[in-house]
Amino acid sequence: MNAAPATTLAPTVKPSWTAADTGGSGIRDYEVRVRKAAWNGSLGAWTTRTTTSTSLTLNLARGSQHFYQVRSRDAALNVSEWSPQKCTALPLDDRKLKASAGWRRATGGGYLDKTVTSTSKQGKSLTLEGVPKGRAALVVSKGRNNGALEVRYGARVVKRISLNGALRHKVVVKLPDLARKSDITIRTTTKRPVRVDGIVVARR
């Protein structure tokens, strides 16, 4: 069975699956179960539905993560094992990051939620506090003669990112997994343009 990518920039995703019945009676239907969590919240209980469809539409809230599994049932009422758990996460918008002085909040059609946070000053920071352990990524823009960032978990630098290159918006840059709850701080290291569009926070 296949599912949507782990990170999506669209608020609606449509995971799909396939199954084969070796007994010859044919697939009757599927059970799909879904649970979700906010980026800083507890994981909710499973909700289960029965369907004959081989896909499901999920509507995601900013910063949320959805987990899902599927199992099939044939006409003889034999039920398969649950598929491996898959998940998809929608980034938080840049407006959720606490900005130091020197940043500019702007809008534009090419950005996530049509907003972006930018600066051309060195040593300016954006922070998301109290991030639970799990995985993380940044959503940024790249462009010619653009600057660079460093990312810190607490006081420790975990990644340095160059934003110089061909013009592209909504670029997802994977960060190291967080081993424990921590603040994530994004800090500019040059005096060249930097644009931050969002941040992905998700459970492993």
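Everything numeric in this text was worked out from a predicted model, so none of it was measured.

(A) Structural context of the pairing of strand β10 (residues 115-119). Taking burial as the measure, the five residues of β10 include five buried ones, the bulk of the element. Burial along β10 is two-sided: the residues Thr115, Thr117 and Thr119 and Val116 and Ser118 are all buried. As judged from the four bridges shared by strand β9 (residues 104-107) and β10, these two strands associate in the antiparallel manner. The residue bridging threonine 107 from the neighbouring strand is threonine 115, located in β10. Where β10 lies against strand β17 (residues 194-202), three bridges are found, and the strand directions are antiparallel. Looking at the pairing, threonine 117 lines up with valine 196 of β17.

(B) Structural view of the side chain of threonine 127. Tracing the backbone shows threonine 127 in strand β11 (residues 125-131). The residues touching threonine 127, leaving out its near neighbours within four places in the chain, are Lys96, Leu97, Lys98, Asp183, Ile184 and Thr185.

(C) Up close: the sheet that holds strand β13 (residues 148-153). Sheet architecture is open: five strands sit in the order β8-β11-β16-β13-β14, paired in antiparallel fashion. Each having just a single partner strand, β8 (98-99) and β14 (156-162) make up the two edges of the open sheet. Note: β13 against strand β16 (residues 182-188), five bridges, orientation antiparallel. Considered in β16, the bridge of arginine 152 is made with threonine 185.

Rules behind the numbers
- Within each chain, residue numbers correspond to sequence positions counted from 1 in written order.
- Reporting of local features is limited, given that this is a predicted model, to residues whose pLDDT is at least 70; pairs of side-chain atoms are given and counted only at 80 or more, and all residues count toward the totals for whole chains, interfaces and linings.
- The basis for every side-chain value is the complete set of non-hydrogen atoms in the structure, without hydrogens or water.
- Only protein chains enter the calculation, and the probe is 1.4 Å; a residue is then buried if its accessible area is under 20% of its type maximum, exposed if over 50%, and partly exposed in between.
- Numbering of helices and strands runs from the N terminus; a helix is a DSSP stretch of H or I covering at least four residues, while a strand is a stretch of E covering at least two.
- In this description, strands pair whenever DSSP reports at least two bridges between them.
- Whether two residues touch is decided by their heavy atoms; if any such pair falls within 4.5 Å, the residues are in contact.

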